[in-house]
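Here's the letter readout for the chains.
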Amino acid sequence: MLHSTHGKFLAAVFLLLQFASCRSSAPQQTQIPETAPEAAIVADSSAPDVAGIEASIHNYRQAETRLFDLVHTRLDVSFDWQKQHLLGKATLELRPWFYPQSTLVLDAKGFDLHSVQLLEGSSNKPLKYTYDGAQLVIDLEREYSRNEALFVEIEYTAKPNELPVGGSDAITADKGLYFINPLGADPNKPRQIWTQGETEANSKWFPTIDAPNQRTTQEVYITVNNRYKTLSNGILVQSTLVNDSTRTDYWRMDQSHAPYLFMMAIGDFAVVEDKWNGIPVEYYVEPEYQRWAKAIFGNTPEMLTYFSEILGYPYPWPKYAQVVVRDYVSGAMENTSASLFMESLQVDDRYLLDENWDYIIAHELFHQWFGDLVTTESWANLTLNEAFAEYSEYLWTDYKYGDDAAAEVLLNQGDSYFREASEKQVDLIRYYYNDREDMFDSHTYAKGSRILHMLRKYVGDDAFFASLNRYLKKNEFKPVEVHDLRLAFEEVTGEDLNWFFSQWFLASGHPVLNVESHWEGGRVVLQVEQQQDLTEFPLYVLPVYVDVFINGEKTRYAIRINEQKQEFTFPASQQPQLVLFDAEEQLLAEVTHNKTPEAMRYQFQVAENYISRYKALNSLLEDKTPETRKILNAALADSSSFIRRLALAAFDDYQSSDRQAVLNQIARIAETDKSSLVRADALALLATTEPGTYREQFRKGLDDRSYAVVASSVYGYALGDATDKDAVFKGLEDARGVDVILALADYYAATQKTDKYDWYVKQLNRLSGNDLYYFINYFGQYLMQAPQDQVEKGAGLLKEYATNHQAYNVRLGAFYALAIQQSLAEKESMLREIAEKEKDPRVLEQYKNFF
């Protein structure tokens with residue numbers, strides 16, 4: 001599962017691209033309850049916290065006890081689009097797991113139950129049951145042993161829209177089954193049905209044992225109108241015409257997988273076919289994007305080859321399909337053999353000049369091994385799914401795009417974790433949590449990925465991938481916990497790795513290191529102190545490398561930190577030019593190692609690792625000395641586009657005597673750099689400095705193929721003194737690129753245009769997800785200055801979005817946009833009516849500020 005965090009080119013009026021800034025944060029520390037040892041209760045201050053101990057026992061999030069083995073699931077489904085109901089029949093084959101059982105408990109949330117029967121040969125026997133709206137408890141009328149199979153058939157109607165609203169920041173809704181534009185009332189949106197099962201929402205559209213440690217084979221018969229394509233797990237066995245307008249598609253999955261990985265997608269999709277090693281590879285997109293489907297997803301076959309080879313385990317499923325749907329509630333989902341993606345992936349070739357979606361495509365594909373083939377036994381162990389998927393983004397980027405791009409992935413993951421660690425620090429394997437949805441955080445994803453990277457660096461590449469191969473083969477088609485991973489690594493390496501797993505997987509926090517180095521008496525003295533709170537966090541064992549540079553020559557030393565304060569010495573005939581701690585930049589730690597600007601300049605010039613170069617350059621951005629300015633000027637021509645973008649940030653307020661020459665150099669970069677994002681950053685910088693001087697660069701940029709370049713040029717041209725702005729910008733109004741649309745929306749709102757209402761409405765109908773959320777803000781600003789008839793019409797639109805849009809953040813954004821309309825007499829009553837109809841507690845909490 002990947003939740004959407006993809007940023008867009010946003011700002012208040014004329015606030016341009018933010019350049020990279022210092023990557024650091026100081027996390028606060030929170031304590032996770034632990035089970036205390038048993039002790040006698042005595043009446044003094046040292047008495048144990050009995051209530052706390054009892055709470056730790058009761059609140060422990062264990063894996064689901066397997067009373068039954070869910071062997072096979074057959075589903076026959078059709079749909080009532082008008083009512084947004086699923087009409088279903090489920091046939092389940094089960095066996096007691098070990099102990100005899102006479103009662104079967106199934107998860108079945110919000111159903112109308114029509115019959116529950118036991119299938120015995122050719123006869124059906126009605127069974128007695130009780131049902132509380134969430135669990136179906138069936139009396140089997142006798143005990144079944146583990147050697148006996150039983151077959152239960154349930155006819156039901158699923159009504160996901162009538163269930164209480166739930167969700168989280170990562171997965172914004174939990175209805176399980178979603179009808180998109182079911183009545184066709186919105187001419188700008190296709191009619192679709194799709195599902196989202198993780199964590200335990202598939203039991204809102206079929207009865208099952210909805211736990212990640214269950215595995216079942218499946219058959220799904222989907223009856224739909226002939227105009228729609230269907231997609232499900234496994235292979236499409238056959239399509240059978242029911243009548244002139246309806247058919248039934250039969251999908252079958254012969255390999256077992258967890259119930260939360262079941263999926264369906266139904267809609268008017270174009271299916272673009274590809275192949276890998278004789279296995280079908282398919283891309284389901286809206287017909288409008290059919291011509292770009294291979295440009296978006298076309299690296300998938302190469303990814304399949306790369307991942308299969310490094311794991312020594314070929315892709316395990318009979319097909320791989322990827323489908324893009326509307327109004328998705330997260331970023332993407334790794335349903336077995338059929339991943340589902342948010343609509344932001346539907347882009348054209350111009351968008352792909354700036355950035356691609358490989359990271360999310362790789363993430364979901366790697367899940368087919370880590371998450372689908374081998375599945376976490378409980379949500380407490382979720383990182384066994386997500387850390388690997390997150391790390392695949394690094395693996396693929398390194399393979400396809402090189403060391404610098406891959407190192408940038410690691411940096412971003414570190415940033416993500418440290419931002420979250422400033423607010424909470426929890427165990428990676430987390431047996432205590434308030435809600436299972438809380439597990440979808442930057443600890444589970446980003447921290448988990450960085451821990452895998454440290455493990456790889458410790459054991460070496462050969463052992464790392466051999467261990468993953470052993471882990472997959474030993475646990476294929478099984479649920480796993482963290483110790484299964486540890487044991488696989490220990491079996492390959494021969495080393496007891498409890499120390500590594502205990503401090504990183506089973507504890508919270510991270511090392512906080514103060515590093516000091518100096519030269520004395522023919523040696524370098526390196527002092528390392530672990531400064532994290534040792535009453536809450538581990539004293540870490542940290543194997544790292546230290547590079548010492550003398551006369552341009554590097555010598556590498558391996559050290560092992562395993563005390564709170566340690567001193568290491570290295571021979572040095574003279575003062576070193578640089579001492580580089582953690583030379584591989586692999587530690588997930590807060591490291592303070594103060595160095596002079598001279599040392600940082602040298603580090604930027606000689607370090608082999610991109611992260612070391614990045615840190616050095618970032619530390620020099622505010623240094624105004626001539627020596628550093630030479631380094632920064634040279635960095636503008638660095639081979640790494642990431643370094644070039646960072647270097648540009650040093651010149652946003654450049655005031656030296658050679659200022660004009662530097663700006664002219666940046667203007668040349670804006671025209672000639674091979675990276676469109678560097679060109680866009682250069683134009684953004686020129687826009688904040690001398691927009692009038694570089695009007696021609698902005699004018700040329702408006703004709704660039706890159707949307708990022710065009711968006712920066714819109715801001716620059718708008719700030720200049722050109723007299724044809726409105727005419728020029730009108731020619732951009734049909735652009736597909738969201739960056740361009742948002743830049744225009746910003747400009748029209750800030751300059752108080754009053755004739756752009758129809759354009760705003762057109763974009764409202766086109767956009768979705770986070771793009772729509774951001775755009776609605778600009779629409780609200782535009783209406784504040786618009787004629788009253790536009791305000792009133794626009795208020796009606798905002799009320800519709802605030803009341804009925806599926807995405808809670810879009811509803812909230814529309815509410816805010818309506819709230820700032822000071823000229824709207826009925827604003828107060830409209831806001832109250834919206835609030836009264838809202839059911840999502842996250843939105844209601846925000847509404848408290850208004851009433």
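Residues numbered from 1 in each chain as written. Predicted model: local features only at pLDDT ≥ 70, side-chain atom pairs only at ≥ 80, totals over all residues. Heavy atoms only, no water.

**Q** Looking at this structure, I do not really get unusual backbone geometry. What am I missing?
**A** Peptide bonds are mostly trans, and most non-glycine residues show a negative phi. In this model, Glu198 is joined to Thr199 through a cis peptide bond whose omega is 10°. In this structure, Thr199 sits in the loop between strand 10 (192–195) and strand 11 (216–225). Despite not being glycine, Asn277 shows a phi value in the positive range, around 50°. For Asn277, the position within the fold is in the loop between strand 16 (270–276) and strand 17 (279–285). The exposed category is assigned to Asn277, whose relative accessible area is 65%. Phi at Asp582 is positive, roughly 50°, even though this residue is not glycine. Here Asp582 is to be found in the loop between strand 28 (578–581) and strand 29 (590–592). Under the relative-accessibility criterion, Asp582 is labelled buried at 5%. (Helix = DSSP H or I, 4+ residues; strand = E, 2+ residues; numbered from the N terminus. Buried < 20%, exposed > 50% of the residue type's maximum accessible area, 1.4 Å probe, protein only.)

**Q** Would you take a moment to explain the confidence of the model for the protein for this structure?
**A** Low pLDDT marks stretches whose predicted atomic positions should not be read closely. Mean pLDDT over the protein stands at 93; residues scoring 70 or higher make up 95%. Below a pLDDT of 50 lies the segment residues 6–44, which in the model reaches 90 contacts outside its immediate sequence neighbourhood of four places, other chains included. (pLDDT = per-residue confidence, 0-100. Contact = heavy atoms within 4.5 Å.)

**Q** Honestly, the sheet that holds strand 15 (residues 264–267) in this entry has me stumped. Any pointers?
**A** Hydrogen bonds between backbone groups are what pair the strands of a sheet, and the pairing can be parallel or antiparallel. Pairing in this open sheet of 4 strands is antiparallel, and the strands run 9-10-15-12 from one edge to the other. Two strands in the sheet have a free side with no partner beyond their single neighbour: strand 9 (177–180) and strand 12 (229–232). For this sheet the average axis-to-axis angle between neighbouring strands, irrespective of direction, equals 10°. (Pairing = 2+ DSSP bridges. Axes fitted to C-alpha atoms, helices over the stretch in contact; angles between N-to-C directions.)

**Q** Quick question: what am I supposed to make of the packing of aromatic side chains here?
**A** Where two aromatic rings form a pair, the distance of their centres and the angle of their planes describe that pair. Throughout the structure, instances matching the rule amount to 63 aromatic pairs. On the numbers, 5.9 Å between centres and 80° between planes, the contact of Trp81 with Phe179 is edge-to-face. With a gap of 98 residues between them, Trp81 in the loop between strand 1 (68–80) and strand 2 (85–96) and Phe179 in strand 9 connect regions that are remote in the sequence. The exposure class of Trp81 is buried, given its relative accessible area of 15%. Relative to Phe570, the ring of Tyr557 lies with its centre 4.6 Å away and its plane at 25°, an arrangement referred to as stacked. Residue Tyr557 is found in strand 26 (residues 553–561), and its partner Phe570 is found in strand 27 (residues 565–571); the two are separated by 13 residues along the sequence. Against the face of Phe604 rests Arg613, its NZ or CZ located 4.5 Å from the ring centre. Stacked on the ring of Phe651, the Lys or Arg Arg629 has its end atom at 5.5 Å from the ring centre. (Phe/Tyr/Trp six-rings, centres within 6.5 Å; stacked < 30°, edge-to-face > 60°. Lys NZ or Arg CZ within 6 Å of the ring centre and 35° of its normal.)

**Q** Any chance you could explain the pattern of salt bridges here in plain terms?
**A** Oppositely charged side chains can pair when the atoms bearing their charge come close. One pass over the full model with this rule turns up 46 salt bridges. Of the charged contacts, one joins Arg326 and Glu343 as a salt bridge, the two residues approaching to 3.7 Å between their closest N and O atoms. Residue Arg326 is found in the loop between strand 18 (320–324) and strand 19 (332–333), and its partner Glu343 is found in the loop between strand 20 (338–341) and helix 4 (358–367); the two are separated by 17 residues along the sequence. Among the ionic pairs, Arg695 bridges to Asp721, the shortest N-O distance being 3.3 Å. Separated by 26 residues along the polypeptide, Arg695 in helix 17 (residues 695–701) and Asp721 in the loop between helix 18 (707–719) and helix 19 (725–730) bring together distant segments of the chain. Judged by its relative accessible area of 52%, Asp721 is exposed. Several salt bridges converge on common partners, so that one network encompasses Arg811, Glu838, Asp840 and Arg842. (Salt bridge = Lys/Arg side-chain N within 4 Å of Asp/Glu carboxyl O.)

**Q** Would you explain the packing of helix 15 (residues 659–672) against helix 16 (residues 676–689) in this entry?
**A** Geometrically, a packed helix pair is captured by the angle between its two axes and the distance between the axes. In the contact formed by helix 15 and helix 16, the axes pass within 7 Å of each other and the chain directions differ by 140°. By the angle between their axes, helix 15 is oblique relative to helix 16. Remark: the crossing between helix 15 and helix 16 carries left-handed chirality. Here Arg659, Leu663, Ile666, Ala667, Ile669, Ala670, Glu671 and Thr672 of helix 15 come into contact with helix 16, specifically with Val678, Arg679, Ala682, Leu683, Leu685, Leu686 and Thr689. The residue makeup of the contact of helix 15 with helix 16, split by class, is 10 nonpolar, 2 polar and 3 charged. (Parallel < 35°, antiparallel > 145°, perpendicular 65-115°, else oblique. Left-handed = near helix turned anticlockwise from the far one by under 90°. Nonpolar A, V, L, I, M, F, W, Y, C, P; charged D, E, K, R; others polar.)

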